[in-house]
Structure formats: structure tokens, C-alpha cells
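Structural overview for review
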2 protein chains.
Amino acid sequence: MIYVLYYWPGIQGRGEFVRLALEDADAKYVDTALLPEGEGGGVAALERFLEGDNVECPPFAPPFLKAGRRLIGQTANILLFLGDRLDLAPRDAASRLWTHQLQLTLGDFITEIHDTHHPIGGGLYYAEQKAEAKRRSKDFLANRLPKFLGYFERILQRNPVGGPGMVGAGITYVDLSMAQVVAGLRYAFPRASRKALRACPRLRTLHDEVFARPRIREYVRSGRRLPFNNDDVFRHYPELDG
Amino acid sequence: MIYVLYYWPGIQGRGEFVRLALEDADAKYVDTALLPEGEGGGVAALERFLEGDNVECPPFAPPFLKAGRRLIGQTANILLFLGDRLDLAPRDAASRLWTHQLQLTLGDFITEIHDTHHPIGGGLYYAEQKAEAKRRSKDFLANRLPKFLGYFERILQRNPVGGPGMVGAGITYVDLSMAQVVAGLRYAFPRASRKALRACPRLRTLHDEVFARPRIREYVRSGRRLPFNNDDVFRHYPELDG
């Protein structure tokens, strides 16, 4: 099976959570964000599915994944699907649902991180909502960031098998996503996240373990992983960093 | 199996999406929001799981559902779990994932609806973010509301079996949730939603079909279904209604 990943070109975004799973599992996939439009890539490739009249199960937004004849949208849903196939999820049904629950909570966290710089509307520029972004970021850093990080730190601590990840004895897709969120927070809020992560030794270790995994290292070195940048979910505006 | 639903007392909130599935399936469940604290209900019942030191799989936030020894959080995840058991989801794996994908997209919509009145922070009062709420609502009503409703209308239209719901020939949990969102939008934004729903005849019909289902009617009449109110996800502030 050769998977095809559809996502916006030029950013990691939510597509990166899917990429990390595919890369860690050494899955074969085409990343249309890296292909020119003439070769079936770019934004045109997305629009065929988002706006095409004959797409039976159209996704609302990228990322989405083509797996044979199936087209699957919503980041957490894609990972739920891939988790089994790529051996990045536990085998028993209860643990699979628990892993998915954690991914959904991480998804809520990611939305709140995004909204720090876009509290009024995703279609408006940051400059058009800078005052509101400052207010929202202040509230986010004071209340939501420690709450979410504290939650995931507690999940690592309570894993009865001891980890290194959140569920069971292996690394699952939610651990890959969590490490990416830690990396993104460090890019976006270097000061505030350093302070908040002081209380989260297990999350810091998880981040390091994930990015030390051979295939993830290879992926980072390959040049295929785009750098963080300010068109992305995680953005660094020093005025928002507490 | 007697399910136990945990949610904030006094509001429908995200708990209502779970309630509608349980009610429509005539499942036996205890709604702790309706029980006094002395009888194991209320906020104290939530806090035991959210803050207890010995909860192995603690949810991040309500709603969560106890099913035997299992504790399941995240609205869409609870519905994924219940869908199979309550016969409110299609049988084949691809359609189940598609139904879940639609529920997740609806979840994103619900978050954006909530954020119209709380664009700065969930821990602040509406009065503290009224100016920002006006700006966010304006953007939401102009861009996001028609985009989301148009998407779900299209999904109904493209159902190859013809509905009445979004997936297959039966009503699934995502249809129950969709009807609840239509009802909530009509409460929160009576003017703007009337206008937006003009272009969505299938969504209007789906709403009516769901609330005409015998067990849903019985539930609405029972008094167990709380009225919409302004402590809830859907809030009616006339100044935000376009």
C-alpha cells in the first residue's frame, strides 16, 4: 500500500502529525505538498477533493489521506486508522480507544495553541487581530498551557507499564504527536514553554526519545521536514510570549 | 449494561450529544448531572474522576461515560464507542470511520460556535470579552457558519443511499448531533441561522426528522432535557446575531 497524504504546501501544520506516524513506521507514502501542481501536487491536488462534485466522502479540510480507494480526513481519525496498520497503537480495543481519546485531547490543545494568534478569525491576518491575540495568549499561557501540559505529564506518570509513552510499553502515534507539540511550543513560546515544561520532566524526556528514534532522525535530516514558520499552527511572535 | 454519564449540571452542553444517542437507543443510563451530590451526582461526581489520584485513564474534561469498568472521555470518542453498541453507526469499518470523521468535523464546528462568545478565554466572563465576541461572531456568521452548514448539506445530498441521514440508510449518532447543532444555532443566532439555513433544506428536514423520532420526542417531553440557556455552549446574545 502506498499512502497519499494531502496537506497545504509550505507548512508542517496538522499534516505533520500524520507524517511523523508514516515516517516512524517507514510507510511508503506520497506527500502531495512536496510535489509541483503539474505532477499532481500542491494546492490543486487538495482542491480536487475539497471542491470536486463527484467526491463521495469529501473531507472538510486538510490533512486527508488516500489509502487505496478510501479517503480519510480529520487528523485524529487518520491516526486512528493508521495506528493499527502501522503498529503504532495498542492491540486491545480499550487501549486503542484510550489512545484515540488522548489524541483528541491533544487536538483540542493544538486548536487552542493556534487560536492564540488567531482568536478572531482564521481568514484574517495576524496583524488584524494582534490586540486580541495578546489577550488570548496571556490567558492561554497563564491557564491553559499549564493545565494541558500537567494533564499529559500525569498521563505519562500513571501509565501502569511505565512508558516510555502514554499507553502501554511502546511508543504510539499519540506520543509522536505529543513530541511534535512540545517542539512546536518551544518554537512558538520559547520563554513560556521553558518555564511550563520545568514541571514536566516526563514530557521533556518523551520529546527527546521520539526525536532520537532512528527513522524520525532520518526524516528530520532528510530535508523533507519543513522548518517551523509563521504561516503555521505554531508561530513565534515575541510579543505573545508572556 | 447501565451506562453512567458524567457532565456539568445545569446545561445541555457537549453532554447532550451523548444523551441524544442514549435516549434514541433507549439505553439504560444514570445521568449524574441530574443527581444531588449526596446521591453520587453533581460536580463532586465529576471531580472524583478529573482530580482523583488513582484514576488510571482520567479524562481531561466532561463529558465522560462509565461503561462497566471502562471510563471513556471526549464526546466523539464516546459516540464512536456507543455507536456500535447502540446500533447508531453503520456496520462496516469504512463507514464507521466516515461517520466518526463527520462527528469530529461537527466537533470543530461546535468549538467555533462556543468561541463566538468566548474568543479570549473560557475562564473569563462574557462581559469581559464582549467586544472581541462581537468581532469573532461577525467573522463566524459571515464565513464559518455558511461554510460548515454548506458542507453538511452537501454530505446529505451526496449520500448515495439517499438518507435520511448522512451515512447509509439509517439515522446514525452524527445525525442526532447535527440536529442538536441546528437546534442550538436557532437558539443562539435566530436571525443569522434562519438566513443561513435557507440554503440548507436537507439539514432542516434532518432536524425535524430527528426531533420527531418517538424516543427523542419522549425525552424532550420528559423534562429531563434541560432548556438552552446562557451558561451553555449555545448562547443567545442578541448583539452577536448579525
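My aim in this report is to walk through the structure given alongside it, one point at a time. Just so it is clear, the model here is predicted, and its values are computed rather than measured. (Residues numbered from 1 in each chain as written. Chains lettered and ligands numbered in written order. Predicted model: local features only at pLDDT ≥ 70, side-chain atom pairs only at ≥ 80, totals over all residues. Heavy atoms only, no water.)

Moving on to the pairing of strand E3 (residues 64-67) of chain A. Residue and element names in this part refer to chain A. Of the strand pairs in this sheet, strand E1 (residues 3-6) and E3 are connected by three bridges, and their pairing is antiparallel. Along E3, the bridge assignment pairs Val4 with Lys66. Pairing of E3 with strand E4 (residues 70-73), which is carried by four bridges, proceeds in the antiparallel orientation. When the bridges of E4 are listed, Phe64 appears paired with Gly73. Linking two consecutive strands that pair antiparallel, namely E3 and E4, is a turn of two residues; a positive phi of about 65° is found at Gly68 within it. (Pairing = 2+ DSSP bridges. Helix = DSSP H or I, 4+ residues; strand = E, 2+ residues; numbered from the N terminus.)

Moving on to the sheet that holds strand E2 (residues 29-31) of chain A. Residues and elements named next belong to chain A. Sheet architecture is open: four strands sit in the order E2-E1-E3-E4, paired in mixed fashion. The outermost strands of the open sheet, each flanked by one partner alone, are E2 and E4. Averaged over all pairs of adjacent strands, the angle between their axes in this sheet comes to 20°, without regard to strand direction. The strands touched by helix H3 (residues 75-85) within the sheet are E1, E3 and E4, with E4 carrying the most contacts at an inclination of about 125°. (Axes fitted to C-alpha atoms, helices over the stretch in contact; angles between N-to-C directions. Contact = heavy atoms within 4.5 Å.)

Below, the discussion takes up the relation of the copies chain B and chain A. Superposing chain B onto chain A takes a rotation of 180° combined with a translation of 0.0 Å along the rotation axis, leaving an RMSD of 0.0 Å. Overall, the copies show the geometry of a two-fold rotation axis. Residue Pro119 of chain B of chain B places its C-alpha closer to the rotation axis than any other residue of that unit, at 2.9 Å. Here 100% of the interface residues in chain B have copies in chain A that are interface residues too; the copies meet face to matching face. (Least-squares fit on C-alpha atoms with pLDDT ≥ 70 in both.)

Before going further, it helps to examine the packing of helix H1 (residues 15-24) of chain B against helix H6 (residues 173-188) of chain B. Two numbers describe a pair of packed helices, the interaxial angle and the distance between the axes. Residue and element names in this part refer to chain B. Contact pair H1 / H6: the axes reach a minimum separation of 9 Å and the direction vectors enclose 130°. For the element pair H1 / H6, the angle class is oblique. When the axes of H1 and H6 are compared, the crossing they make is right-handed. Taken together, the residues of H6 that come into contact with H1 (itself represented by Glu16, Phe17, Leu20, Ala21 and Asp24) are Leu176, Ser177, Gln180 and Val181. Each residue belonging to the contact of H1 with H6 can be placed in one class, and the counts come to five nonpolar, two polar and two charged. (Parallel < 35°, antiparallel > 145°, perpendicular 65-115°, else oblique. Left-handed = near helix turned anticlockwise from the far one by under 90°. Nonpolar A, V, L, I, M, F, W, Y, C, P; charged D, E, K, R; others polar.)

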